[in-house]
Amino acid sequence: MVVNKFGGTSIGSPERMKRVANIIKENKPQIIVLSAIAGTTDSFLNLASLLYTGRKDQAIAEVSQLQTEYFCYVESLYTDEKFIDEAKGIVLSFFSYISGFTKDVFTPYEERALLAQGELLSTSIFCKYLQELNMEAVLLSAFDFMRIDTHAEPQLDYLQQNLCLLMEKNRCSDIFVTQGYICRNTYGEIDNLKRGGSDYTATLIGAALDVKEIRIWTDVDGMHNNDPRYVDNTYPISYLSYEEAAELAYFGAKILHPSSVLPAQNKSIPLRLKNTMKPESRGTLVSENSSKGKVKAVVAKSGISAIKIKSGRMLLAYGFLRNVFEIFELYKTPIDMITTSEVAVSLTIDNQDNIAAIVSDLTHFGEVEVDYNQAIICMVGDFLADNKGYASLIFAALSEIPLRMISYGGSKHNISILVSERDKVRTLQVLNEKIFLDSCGE
Ligand code: ADP
Ligand code: ASP
Ligand code: MG
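In this text, all values refer to a predicted model and were calculated from it rather than measured experimentally.

Caption draft 1: Quick peek at the overall build of the protein chain. Across its full length, the protein chain carries 14 helices and 16 strands. Projected onto its principal axes, the C-alpha coordinates of the protein chain cover approximately 75 × 50 × 40 Å. The burial tally for the protein chain puts 52% of its 442 residues in the buried class. Contacts spanning at least 24 positions in sequence make up 76% of the contacts within the protein chain whose residues lie at least 6 apart.

Caption draft 2: Expanded view of the sheet that holds strand 14 (residues 367-381). Taken together, six strands build an open sheet; the order of strands is 12-13-11-14-16-15 and the sheet is antiparallel. What marks the edges here is a single partner per strand, and that holds for strand 12 (338-340) and strand 15 (405-411). The sheet shows a mean angle of 25° between the axes of neighbouring strands, direction not considered. Relative to strand 13 (residues 344-349), strand 12 runs antiparallel, the two sharing three bridges. If you follow T340 over to strand 13, its bridge partner there is V345. Each of strand 11 (295-310), strand 12 and strand 13 touches helix 11 (residues 320-330); the most contacted strand, strand 13, lies at about 20° to it.

Caption draft 3: Quick look at the site of ligand 1. Around ligand 1 there are 18 residues in total, and G8, T218, D219, H224 and K254 lie nearest to it. Within the side chain of T9, one N or O atom sits 3.1 Å away from an oxygen atom of ligand 1. One nitrogen or oxygen atom from the side chain of K254 is found 2.6 Å from an oxygen atom belonging to ligand 1. Along the lines of polarity and charge, the residues of the shell around ligand 1 split into six nonpolar, seven polar and five charged.

Caption draft 4: Structural context of the sheet that holds strand 9 (residues 271-275). Pairing within the open sheet is mixed, and its eight strands lie in the order 3-4-2-1-7-9-10-8. At either end of the open sheet lies a strand with only one pairing partner, and these are strand 3 (138-140) and strand 8 (239-241). Here the strands of the sheet are splayed against their neighbours by 20° on average, with no regard to which way each runs. For strand 8 and strand 10 (residues 284-287), the ladder comprises three bridges, and the chain directions are parallel.

Caption draft 5: The arrangement of the layout of surface pockets in detail. Quantified by volume, the second largest pocket comes out at close to 150 Å³. In terms of lining residues, the second largest pocket is bounded by E153, P154, L156, Y200, L204, S259, L262, P263 and N266. Elements represented by at least two residues in the lining of the second largest pocket include exactly helix 8 (198-209) and helix 10 (261-266). The element contributing the most residues to the lining of the second largest pocket is helix 10, with three residues. Residues that form the lining of the second largest pocket fall into these classes: six nonpolar, two polar and one charged.

Caption draft 6: Region of the structure containing unusual backbone geometry. Here K28 and P29 are connected by a cis peptide whose omega angle stands at -5°. Residue placement: P29 occurs in the loop between helix 1 (14-23) and strand 2 (30-34). Positive phi, normally seen in glycine, also occurs at A152, with a value near 65°. Checked against the element boundaries, A152 lands in the loop between strand 3 and helix 7 (156-169). Here K194, not a glycine, exhibits a phi torsion of approximately 75°, which is positive. Among the structural elements, K194 can be located in the loop between strand 6 (190-192) and helix 8. Taking the relative accessible area as the measure of exposure, K194 reaches 51% and is therefore exposed.

Caption draft 7: Spatial organisation of helix 8. Along its 12 residues, helix 8 runs 17 Å from first to last C-alpha, staying within 8% of the 16 Å computed at 1.5 Å per residue. With 12 of 12 residues buried, helix 8 is to be regarded as a mostly interior element. What helix 8 keeps buried is the set S198, D199, Y200, T201, A202, T203, L204, I205, G206, A207, A208 and L209. Among the residues trailing helix 8, D210 stands out with phi positive, at a value near 50°.

Caption draft 8: How the structure looks around the packing of aromatic side chains. Inspection of the entire model under this criterion finds 10 aromatic pairs. Residues Y250 and F251 carry aromatic rings whose centres are separated by 5.1 Å and whose planes lie at 90° to one another, so their mutual orientation is edge-to-face. By relative accessible area, Y250 is classed as partly exposed at 30%. Members of the aromatic cluster, joined through ring pairs, are Y52, Y97, F101 and F106.

Caption draft 9: Quick look at the packing of helix 5 (residues 108-115) against helix 6 (residues 117-132). For the pair helix 5 and helix 6, the least separation of the axes is 4 Å and the interaxial angle reads 20°. One way to sum up the angle between helix 5 and helix 6 is to call them roughly parallel. Where helix 5 approaches helix 6, its residues A113, L114 and L115 are matched on the opposing element by Q117, G118 and E119. Residues that form the contact of helix 5 with helix 6 fall into these classes: three nonpolar, two polar and one charged.

Caption draft 10: Up close: helix 12 (residues 355-362). Inspection of helix 12 places I355, I358, V359, D361 and L362 among the buried residues, and these make up the whole buried set. All buried residues of helix 12 project into a common sector of 165° when viewed along the axis, lining one side. Summarising the contacts, the buried residues of helix 12 are in contact with strand 11, helix 11, strand 13 and strand 14.

Caption draft 11: Broad picture of the site of ligand 2. Around ligand 2, a shell composed of S35, A36, T41, E119, Y181, R195, G196, G197 and S198 is seen. Here a nitrogen atom of ligand 2 and a side-chain polar atom of E119 are 2.7 Å apart. Between an oxygen atom of ligand 2 and a main-chain N or O atom of G197, the distance comes to 3.4 Å. Within the complex, the protein chains bury 86% of what would otherwise be the 260 Å² of accessible surface of ligand 2. Residues belonging to the shell around ligand 2 are distributed by class as follows: two nonpolar, five polar and two charged.

Thresholds, definitions, all that
- Residues numbered from 1 in each chain as written.
- Chains lettered and ligands numbered in written order.
- Predicted model: local features only at pLDDT ≥ 70, side-chain atom pairs only at ≥ 80, totals over all residues.
- Heavy atoms only, no water.
- Helix = DSSP H or I, 4+ residues; strand = E, 2+ residues; numbered from the N terminus.
- Buried < 20%, exposed > 50% of the residue type's maximum accessible area, 1.4 Å probe, protein only.
- Contact = heavy atoms within 4.5 Å.
- Pairing = 2+ DSSP bridges.
- Axes fitted to C-alpha atoms, helices over the stretch in contact; angles between N-to-C directions.
- Near = heavy atom within 4 Å.
- Polar contact = N/O pair within 3.5 Å; in protein donor to acceptor, adjacent residues only side chain to side chain.
- Nonpolar A, V, L, I, M, F, W, Y, C, P; charged D, E, K, R; others polar.
- 1 Å grid on protein atoms, 1.4 Å probe; cavity = no way out; pocket = protein on both sides within 12 Å on 5 of 7 lines; lining within 4 Å.
- Points joined across faces, edges and corners; volume = space filled by probe spheres on them.
- Expected span 1.5 Å × (residues − 1).
- Phe/Tyr/Trp six-rings, centres within 6.5 Å; stacked < 30°, edge-to-face > 60°.
- Parallel < 35°, antiparallel > 145°, perpendicular 65-115°, else oblique.
- Arc of directions from axis to C-beta.
- Areas by Shrake-Rupley, 256 points an atom, 1.4 Å probe, with all protein chains shown as cover.

No statement about biological role is implied by the geometric values presented.
Right, dumping it as structure tokens:
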């Protein structure tokens, strides 16, 4: 059994969905996890913000525009008129439900139900297409096996038991299709695994079923050494260890959801990142193995705030850091980077939800300063202490960039720096030129 996950870009047009159907002809039995068609979740988020702010007419126009796009999509996907009509019927029933949101009160509950429609639509359209191709597939609803607890953590036992039961009921089939991203929470309400969450669905399913391989299909040929959205001349990395891939995903490589590596790592399942448009290219293999002694990649995470707490009480004192950390724990706010001196500690967070309360509580321990609009630039590779020379190479490259914080030695895979958001792209570019193109790229 393998898991094949296709992202929104991989089914972004009818032609691309046709390619997907072609790719999945091999490697049965398999579970196919689909995202919403590219742009749909963004449109629903836009719709939600229109509805929260009472702009009903604009909301109705947005729904009608999206419905027209879906009609065009199905018209060119199927060949047979019968299938086109049936698919139009499916689209119509989804959009009559979606229109309902414009007529009533709109709360976060409705928002989550609305956001789930993208994956429900794409999987319904795809299964109907497989039917037209005479490729029998069973559509499994992720609501029947994907559940998160009160801390938004997926419940693996529940997933495993329920998914296995469903597959057992349909044991004659060797193609199962399901939705990424969507789930239920402990109260039985519709919920989701956060933006980009279909990758996470795929690895959770892969781990639950102990599959042979998990493939994440997207629009680039694997994890690149730098962010291709901002930097020219990037290239795909052939091999990454789980630790390296997890650091890259967490610190901003959009190609993977931040939590998606761990389920595969826990079960030692190979994770392959592939290009739907170029299935023959080898992509990136994430596994226990990696190549040694190299700077593999650099990524950036935006929207970071740096908080500095300065206090004479830190001098020769113990327990100070515990007090500080307890405040972040209280507000369920993870810390990404941390540096200390004898009289001050600086740390970074990306979740700004409780920043005012955090800062107010921290003032009990000292003087607090906050720098907003920062970005973490994270270099990932094999930085064992006896691998000499990398730090000097990196810092020589950064000689023109003002650095707010530096973190080295926290793990053997990661060197991170904090720069102002306005220097982010320049930093990524300069690192590409000086580290990857000039010296030790793959
Ligand atoms: P999908 O629709 O398949 O989920 P995403 O947009 O979520 O696709 O992720 C793929 C995109 O991630 C690529 O198109 C690329 O622009 C972006 N990306 C950002 N950083 C990297 C990186 N280091 N390597 C590869 N892709 C990256
Ligand atoms: N459709 C969701 C999103 O756009 C989940 C995903 O694509 O992985 O974030
Ligand atoms: Mg994605």
